[in-house]
Amino acid sequence: MVQEKIKVRPWCPFCGQKVGRATDAPTRKMSEFPVGRCQCGAVYCCDATGHNIGAAIVETLVYACDDNADFAWELMPEDDYLTGRIENYDESAHQVVATKNIDGRAVRGVLYFVRLHTDAREIARRIKEKKGEILENSVPSLRNKDKVSDHVTIEPAPDAKRIRRKADKSLVRELVELEDIDTLVALCFDDKKTLRLMQRLLYDPAEAKRWQVAWVIGRVTARTSTREPGPVSELLHRLFEACSDSAATPWGMVETIGYIVALRPDIFGAFTRHLLNHIKEPSTRNQALWALAEIAERRPDLIRNTPFYNLFHFLQHPEAQVRGQLVRLMGRIRATEAALQLMPLGDDHEEFTYCREGRLVTSTVALATSEALRAIHGGNSE
């Protein structure tokens, strides 16, 4: 019987990435707890005793708001921020200990996490820059969320008195085929194995079917992650592990990762850099380049924060599929560095396919190049 790991590095409950040891804040004043930041934007603090969680919650929220306590008190749980916690944390060893005991010493520490929604985080940043005037103008707009263009709607909390539905293979398959996103989201909250059953549908020999399933999973997780990002993070880890398994065919895995990250880059953007590893393999190169292009449409900065220039040589790849996908990516990140290498592809009329909202469409490398150059020189990409 395989034994469960009893000591692991602590992780962010929102994105699943490992987090570093909490330290004293640079502007530490009366702060009582060490704090830290995750790559996904969440902040956390450490209560080594586990007895001061109330104070830890307050300090973490204020720290998330750039030490603006007045603004922090204006925020509402779930409407403006999500919370999470990792228990059984040992500060001295920087480990989560399942047994709650190390050599006879009790482990009771807690890491408390707060993640502001995009609009709240942006307002906190502006307040820090411009203080009073921005505070007066921005806090009311937070209450009127319909006017915030980049606001992510938080999925309503399921009715506590509801009759929970059980997920099974046939039900999930039917809902995915119908693209019944509302019902699938509700089913994810009712039965945690729904995402696993959806993942199994990716093992389909029909390529178009795999893309459609990936698109459905992306839309479902985009909504469920606003309230419960943990299961989605676990799904991403399973997908990456499946892609790394040399004994398995990664059907639909990279495609699904692409849609999940692209639709919620504010939470899962840290996973972007791991997609670069799958460009090396011919079996996942096309899907990985497509995934990066999808992410770049919403967050080009996530791609630019990676060594994307190592991809330029693929513009001369013998396969039109690879050239076309990379051209789309270069256009979406407005890669002026690649403009000269793109120009010769304006006469490349070979066709390639890519996925748009779950459906495969056909284009030519020349057409993609024209759109990319227009974006690079100040126009609009598709």
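Everything in this summary refers to the structure shown in the same document.

### Some points on the overall build of the protein chain
Phase 1: Across its full length, the protein chain carries 16 helices and 10 strands.
Phase 2: Within the protein chain, counting contacts between residues at least 6 apart in sequence, those at least 24 apart form 67% of the total.

### Here's the deal with the side chain of D90
Phase 1: Relative to the assigned elements, D90 resides in strand β4 (residues 81-90).
Phase 2: Polar side-chain contacts of D90 include one of 2.6 Å to the side chain of R105.
Phase 3: Those residues within four positions of D90 in sequence are excluded, and the remaining contacts are Q95, V97, I102, R105 and V107.

### Focus: the nonpolar core
Phase 1: Membership of the largest hydrophobic core comes to 94 residues, with the highest contact counts inside it found for C12, M198, L311, L329, M330 and L342.
Phase 2: In terms of residue count, helix α12 (residues 282-298) provides more of this core than any other element does, 8 residues in total.
Phase 3: Apart from residues lying up to four places away in sequence, M198 is in contact with V172, V176, L184, V213, V216, I217 and V220.
Phase 4: Judged by nonpolar contacts, the second largest core, of 20 residues, contains Y63, C65, F71 and V114.

### Some words on the pairing of strand β9 (residues 351-356)
Phase 1: Both β9 and strand β10 (residues 359-364) contribute to a ladder of 6 bridges, which runs antiparallel. Looking at the pairing, F352 lines up with S363 of β10.
Phase 2: Turn length for the β9-β10 hairpin, with the two strands adjacent in sequence and antiparallel, is 2 residues, and the turn residue E357 shows positive phi of about 50°.

### Description of unusual backbone geometry
Phase 1: At K100, a position not held by glycine, the phi torsion is positive, near 60°.
Phase 2: Among the structural elements, K100 can be located in the loop between β5 (95-97) and β6 (101-102).
Phase 3: Positive phi, close to 55°, is recorded for E179, a residue that is not glycine.
Phase 4: Examined against the element boundaries, E179 turns out to sit in the loop between α5 (169-178) and α6 (181-190).

### Details of the packing of aromatic side chains
Phase 1: Taken as a whole, this structure holds 9 aromatic pairs when the rule is applied.
Phase 2: Geometrically, the ring pair formed by Y259 and W290 is edge-to-face, given 4.8 Å between the ring centres and 75° between the ring planes. Residue Y259 is found in helix α10 (residues 253-263), and its partner W290 is found in helix α12; the two are separated by 31 residues along the sequence. Each member of the pair, Y259 as well as W290, is classed as buried.
Phase 3: R37 extends its terminal NZ or CZ atom over the ring of Y63, reaching a point 4.8 Å from the ring centre.
Phase 4: Over the ring of Y354 we find R328, and its NZ or CZ is 3.9 Å from the ring centre.

### Regarding helix α16 (residues 365-376)
Phase 1: Between its first and last C-alpha atoms α16 spans 16 Å; for 12 residues at 1.5 Å apiece the expected length is 16 Å, and the two agree.
Phase 2: Within α16, burial applies to V365, A366, A368, T369, A372, L373, A375 and I376.
Phase 3: On its buried side, α16 packs onto α14 (320-332), α15 (339-342), β9 and β10.
Phase 4: Among the residues trailing α16, G378 stands out with phi positive, at a value near 110°.

Procedures and definitions
Residues numbered from 1 in each chain as written. Predicted model: local features only at pLDDT ≥ 70, side-chain atom pairs only at ≥ 80, totals over all residues. Heavy atoms only, no water. Helix = DSSP H or I, 4+ residues; strand = E, 2+ residues; numbered from the N terminus. Contact = heavy atoms within 4.5 Å. Polar contact = N/O pair within 3.5 Å; in protein donor to acceptor, adjacent residues only side chain to side chain. Core = buried A, V, L, I, M, F, W, Y, C linked by side-chain atoms within 4.5 Å. Buried < 20%, exposed > 50% of the residue type's maximum accessible area, 1.4 Å probe, protein only. Pairing = 2+ DSSP bridges. Phe/Tyr/Trp six-rings, centres within 6.5 Å; stacked < 30°, edge-to-face > 60°. Lys NZ or Arg CZ within 6 Å of the ring centre and 35° of its normal. Expected span 1.5 Å × (residues − 1).

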